[in-house]
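Single-letter residue listing:
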Amino acid sequence: MARSALLNVMVQAALKAGKSLSRDFGEVQNLQVSVKGPGDFVSQADLKAQKIIHDELLKARPTYGFLGEESEEIKGTDGAHRWIVDPLDGTTNFLHGIPMFSISIALERNGEIVGGVVFNPATDELYTAERGGGAFLNDRRLRVASRRVLSDCVIGCGVPHLGRGNHGKFLVELRHVMGEVAGIRRLGSAALDLAYVAAGRFDGFWEMGLSPWDMAAGILLVREAGGFVLDFDGGTDMLGTGSIICGNEHIQKALAEVVKRPIPTK
Ligand code: IPD
Ligand code: CA
Ligand code: CA
């Protein structure tokens, strides 16, 4: 698998930030038992990881823009390119000592995502994709799952929680989906959810209320693994709408139909 120079820069940034997060994750496990808890510590871990990624990416391409979750967007002098970064996706897992979190780095060129890296430092799983070049987990080429009927499928989703999301609407979606599928999973990192779809572990995934940094890299992974990714309106403005439904050609369509089924009147 030959990676372009740009993808290599993204991978190096993710690995370096991953080392920092891994060290801090070890510390979080100790802090779990303290009275104060690891809350503030985790916000620091998050900021530290973003700074590492920002510095690595900007060192390699000083003119590109930078959209990262932990800071105001930086407009680049090169209007065509922008990095989209979540330095820690799955913060709640991280905070609770659950080893299911990731770093997500995407490169956008003229409004299109052309490079994506998702890295889980706790499992050493590095997902990469370049537009037209396929998707990989470490060195292995990825392909979305080939199941054609929802009844055989394991589907990932996001679940609203205290202070977030439309709880009533989600419960209707869940009610509809759970009646049709073999299983539903909630990992707690949208970037990893999408990587799991690309890897064929999940047959599909849906969520609303996401931010561009949660999805940008993962969208490319799924597409480059042969999957279909659409927003809730059936368009491709996932980053604008914050909504996403994906899977292979058949499952994307079937899942979208079930997720969007109207609320029963009685
Ligand atoms: C969150 C994760 C989670 C998703 C939330 C995101 P964060 O990102 O991706 O899976 O359900 O909507 O905000 O806060 O851990 O970076
Ligand atoms: Ca996130
Ligand atoms: Ca985050």
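Calculation criteria
- For every chain, the first residue of its written sequence is number 1, and the numbers climb from 1 along that sequence.
- Both sets of labels track the order of writing: A upward for chains, 1 upward for ligands.
- Local features in a predicted model are, by the rule used here, given only for residues with pLDDT of at least 70; side-chain atom pairs are given and counted only at 80 or more, and totals for whole chains, interfaces and linings are based on all residues.
- Note that water and hydrogens are dropped before the side-chain values are worked out from all heavy atoms of the structure.
- UniProt positions are given in the numbering used here, feature names are shortened, and annotations may be inferred rather than shown by experiment.
- One speaks of a salt bridge when a side-chain nitrogen belonging to Lys or Arg is within 4 Å of a carboxyl oxygen belonging to Asp or Glu.
- Counting from the N terminus, the helices are the DSSP runs of H or I reaching at least four residues and the strands are the DSSP runs of E reaching at least two.
- With a 1.4 Å probe rolled over the protein chains alone, any residue whose accessible area is under 20% of its type maximum counts as buried; one over 50% counts as exposed, and the rest are partly exposed.
- Whenever two N or O atoms come within 3.5 Å, that pair is a polar contact, provided that in protein one can donate a hydrogen and the other can accept it, and provided that, for residues adjacent in sequence, both atoms are side-chain atoms.
- Residue contacts are counted whenever heavy atoms from the two residues lie within 4.5 Å of one another.
- Think of the donor list as every N, O and S atom within 2.8 Å of the metal, or within 3.2 Å for Na, K and Ca; water never makes the list, so a site can look incomplete.
- A cutoff of 4 Å decides nearness: a residue is near a molecule or strand if any of its heavy atoms lies inside that distance of it.
- To measure how exposed things are, a 1.4 Å probe is used in the Shrake-Rupley method; for residues, cover is taken only from the protein chains shown.
- Grid points spaced at 1 Å over the protein atoms alone were grouped into cavities, where a 1.4 Å probe fits but cannot get out, and pockets, open sets with protein on both sides within 12 Å along at least five of seven lines, with lining residues defined by an atom within 4 Å of a point.
- Grid points define the cavity or pocket, and a molecule sits in it when more than half of its atoms lie within 2 Å of them.
- Two rings belonging to Phe, Tyr or Trp (six-membered ring only in the last case) form a pair when the distance between their centres is within 6.5 Å. Interplanar angles under 30 degrees mark stacking, angles over 60 mark edge-to-face geometry, and anything in between is tilted.
- Only Lys NZ and Arg CZ are tested; either one counts as a charge over a ring when it is within 6 Å of the ring centre and within 35 degrees of the ring normal.
- Domain extents, as shown, originate in an automatic or database domain assignment.
- Buried area, as used here, totals the accessible surface that two parts lose on assembly, with accessibility defined by a 1.4 Å probe and the loss added over both.

Looking at an unreviewed UniProt entry, one finds the protein chain named Inositol-1-monophosphatase and attributed to Rhizobium paranaense. In its Sequence similarities (unreviewed entry) section, the UniProt record describing the protein chain reads: "Belongs to the inositol monophosphatase superfamily."

Caption draft 1: Molecular detail of the pattern of salt bridges. Counted according to the given criterion, the structure contains 13 salt bridges. The shortest N-O distance in the salt bridge between lysine 51 and aspartate 55 comes to 2.5 Å. Within this pair, lysine 51 and its partner aspartate 55 are both found in helix α2 (residues 39-60), separated by 4 residues, close to a single helical turn. A relative accessible area of 51% means that lysine 51 is categorised as exposed. Using a relative accessible area of 34% as the deciding quantity, one classes aspartate 55 as partly exposed. Measuring nitrogen to oxygen at the nearest pair gives 3.9 Å for the salt bridge that ties lysine 75 to glutamate 73. Three or more residues joined by partner-sharing salt bridges are found here, namely Glu73, Lys75, Arg82 and Glu108.

Caption draft 2: Representation of the side chain of serine 102 in the model. Summarising the element assignment, serine 102 is placed in strand β3 (residues 102-109). Within polar-contact distance, the side chain of serine 102 engages the side chain of serine 189 at 3.1 Å. Residues contacting serine 102, with those up to four places away along its chain left out, are Asp86, Pro87, Leu88, Asp89, Val118, Phe119, Asn120, Ser189, Ala191 and Leu192.

Caption draft 3: Broad picture of the coordination of the calcium ion (ligand 3). Protein ligation of the calcium ion (ligand 3) involves Glu69 (OE), Asp86 (OD), Asp86 (OD) and Leu88 (O), the donor distances falling in the range 2.2 to 3.0 Å. The motif formed by the donor residues of the calcium ion (ligand 3), counted along the single chain, is E-x16-D-x1-L. A gap of 3.7 Å separates the calcium ion (ligand 3) and the calcium ion (ligand 2), which aspartate 86 links by coordinating each metal. For the pair formed by aspartate 86 and leucine 88, the shared burial category is buried.

Caption draft 4: Here's a closer look at the site of ligand 1. The environment of ligand 1 is formed by 14 residues, the closest being Asp89, Gly90, Thr91, Arg164 and Glu207. Take glutamate 69: an N or O atom from its side chain is 3.4 Å from an oxygen atom of ligand 1. The contact in question runs from an oxygen atom of ligand 1 to an N or O atom on the backbone of serine 189, over 3.2 Å. When the free accessible area of ligand 1 is taken as 380 Å², the share hidden by the protein chains comes to 87%. Judged by the fraction of its atoms near the pocket grid, ligand 1 is located in the largest pocket. Sort the elements by how many residues they give to the shell around ligand 1 and strand β2 (residues 81-89) lands first, with 3 residues.

Caption draft 5: Quick look at the packing of aromatic side chains. Throughout the structure, instances matching the rule amount to 6 aromatic pairs. Consider the rings of phenylalanine 170 and tryptophan 206, whose centres lie 6.1 Å apart with planes at 20°: the pair is stacked. Here phenylalanine 170, found in helix α4 (residues 167-178), pairs with tryptophan 206, found in strand β10 (residues 204-207); they are 36 residues apart in sequence, far enough to count as distant. Taken as a pair, phenylalanine 170 and tryptophan 206 share a single burial class, namely buried. Ring-pair connections join several aromatic residues into one group, and the members of that group are Phe25, Phe94 and Phe101. Over the face of the ring belonging to tyrosine 196 we find arginine 201, whose NZ or CZ atom lies 4.7 Å from the ring centre.

Caption draft 6: Here's a closer look at the domain arrangement of the protein chain. Once the domains are mapped, the protein chain shows domain 1 (5-141) and domain 2 (150-259). Domain 1 and domain 2 are separated by 21 Å when their C-alpha centres are compared. Listed as interface residues are 34 residues of domain 1 and, on the opposing side, 22 residues of domain 2. At the boundary of domain 1 with domain 2, total buried surface from both sides reaches about 2100 Å², with 67% on carbon and sulfur atoms. Of all residues in domain 1, the largest losses of buried area upon contact with domain 2 belong to Met100, Ile113 and Tyr127, amounting jointly to 28% of the total for that side. One can count 1 salt bridge joining domain 1 with domain 2. Here arginine 201 and glutamate 125 are joined by a salt bridge, their closest N and O atoms 2.8 Å apart. At the boundary of domain 1 and domain 2, one finds 10 residue pairs in polar contact (both at pLDDT 80 or more).

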